[in-house]
Amino acid sequence: MEVGRVIDANLNRLREGIRVIEDTLRYFHNDKTLSSLCKTLRHRLKSTTSLDLLDYRDIQGDVAKQSSKDELLRENLNALVMANFKRAQESARVLEEYAKLAPHLGDTHTFKQIRYELYDIEKQYFQAYCNSAL
């Protein structure tokens, strides 16, 4: 079922994007509050993760697994963080939609909440750190 592949891939993308943001907040900015919010989001995703999703994973059959040139370089820390906010937000939106087709693989409401929380954390991040030295 292709829906399972989409959900599996986007759950991975969402967790990975949040983790990059979390680690930046934790190790670059020593921001306990925002890094904790990210950690909480990631842990909420664990409850939606199922071992059944591994059955849908097909790395060898993925026709677009190669990175594009713009994914290989980031001009600074803010660009890296922005790319990962967008990656996570887009993945949350995809999950929100596809969970409607396979509710046993994820909760559309949870993904929508996470997406909006990411919008809020993004705003807080860039208000706090956009002008900081990189």
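J.: I tried to follow unusual backbone geometry on my own but got confused; where do I start?
T.: In most cases, non-glycine residues show a negative phi, while peptide bonds are predominantly trans. Of note, the phi angle at Asn 30 is positive, near 50°, even though the residue is not glycine. Owing to a relative accessible area of 65%, Asn 30 belongs among the exposed residues under this scheme.

J.: Please clarify how the packing of helix 3 (residues 77–98) against helix 4 (residues 108–129) should be interpreted in this entry.
T.: Helix packing for two helices is described by the angle between their axes and how far apart those axes are. Interhelical geometry of helix 3 versus helix 4 gives an angle of 165° and a closest axis separation of 8 Å. What the angle tells us is that helix 3 and helix 4 run roughly antiparallel. In the crossing of helix 3 with helix 4, the sense of the turn from one axis to the other is left-handed. The residues of helix 4 that touch helix 3, namely those facing Leu 77, Asn 78, Val 81, Met 82, Phe 85, Lys 86, Ala 88, Gln 89, Ala 92, Arg 93, Leu 95 and Glu 96, are Thr 108, Phe 111, Lys 112, Arg 115, Leu 118, Tyr 119, Ile 121, Glu 122, Tyr 125, Phe 126 and Tyr 129. Its residues assigned to classes, the contact of helix 3 with helix 4 shows 14 nonpolar, three polar and six charged.

J.: Help me understand the packing of helix 1 (residues 2–28) against helix 2 (residues 32–46), please; the structure alone is not making it clear to me.
T.: With their axes 8 Å apart at the nearest point, helix 1 and helix 2 run at an angle of 160° to one another. For the element pair helix 1 / helix 2, the angle class is roughly antiparallel. The crossing of helix 1 and helix 2 is left-handed. Between helix 1 and helix 2, the contacting residues are Leu 11, Leu 14, Arg 15, Ile 18, Arg 19, Ile 21, Glu 22, Leu 25 and Arg 26 on the first element and Leu 34, Ser 35, Cys 38, Lys 39, Leu 41, Arg 42 and Leu 45 on the second. Of the residues in the contact of helix 1 with helix 2, the class split is nine nonpolar, one polar and six charged.

J.: Mind showing me how you'd approach helix 4 here?
T.: If you check helix 4, its first and last C-alpha atoms are 31 Å apart, about what 22 residues at 1.5 Å a residue would give, namely 32 Å. Among the residues making up helix 4, those that are buried are Thr 110, Phe 111, Ile 114, Arg 115, Leu 118, Ile 121, Glu 122, Tyr 125, Phe 126 and Tyr 129. Along the axis of helix 4, the buried residues cluster in a sector spanning 135°; they form a single face. Exposed residues pointing more than 90 degrees away from the buried face of helix 4 are listed as Lys 123 and Gln 127.

J.: Any chance you could explain the packing of aromatic side chains here in plain terms?
T.: Here the distance between the centres and the angle between the planes together describe a pair of aromatic rings. For the coordinates displayed, the defined rule picks out five aromatic pairs. A ring pair is formed by Tyr 116 and Tyr 119, whose centres lie 5.5 Å apart and whose planes are at 85°; its orientation type is edge-to-face. Here Tyr 116 and its partner Tyr 119 are both found in helix 4, three residues apart, which amounts to about one turn of the helix. The exposure class assigned to Tyr 116 is partly exposed, which follows from its relative accessible area of 45%. Accessibility expressed as a relative area gives 34% for Tyr 119, which makes it partly exposed. Note on Tyr 125 and Phe 126: the rings are 4.9 Å apart at their centroids and 75° apart in plane angle, and the pair reads as edge-to-face. Like Tyr 125, the residue Phe 126 is buried in the burial classification.

J.: Sorry, what's going on with the pattern of salt bridges here?
T.: Pairs may arise between side chains of opposite charge once their charged atoms sit close together. This model, assessed by the stated rule, comprises nine salt bridges. Between Arg 93 and Glu 97 there is a salt bridge, and its shortest N-O distance comes to 3.2 Å. Of this pair, Arg 93 and Glu 97 are both found in helix 3, four residues apart, which corresponds to roughly one turn of the helix. With a shortest N-O distance of 3.2 Å, Glu 97 and Lys 100 are connected by a salt bridge.

Rules behind the numbers
Residues numbered from 1 in each chain as written. Predicted model: local features only at pLDDT ≥ 70, side-chain atom pairs only at ≥ 80, totals over all residues. Heavy atoms only, no water. Buried < 20%, exposed > 50% of the residue type's maximum accessible area, 1.4 Å probe, protein only. Axes fitted to C-alpha atoms, helices over the stretch in contact; angles between N-to-C directions. Helix = DSSP H or I, 4+ residues; strand = E, 2+ residues; numbered from the N terminus. Parallel < 35°, antiparallel > 145°, perpendicular 65-115°, else oblique. Left-handed = near helix turned anticlockwise from the far one by under 90°. Contact = heavy atoms within 4.5 Å. Nonpolar A, V, L, I, M, F, W, Y, C, P; charged D, E, K, R; others polar. Expected span 1.5 Å × (residues − 1). Arc of directions from axis to C-beta. Phe/Tyr/Trp six-rings, centres within 6.5 Å; stacked < 30°, edge-to-face > 60°. Salt bridge = Lys/Arg side-chain N within 4 Å of Asp/Glu carboxyl O.

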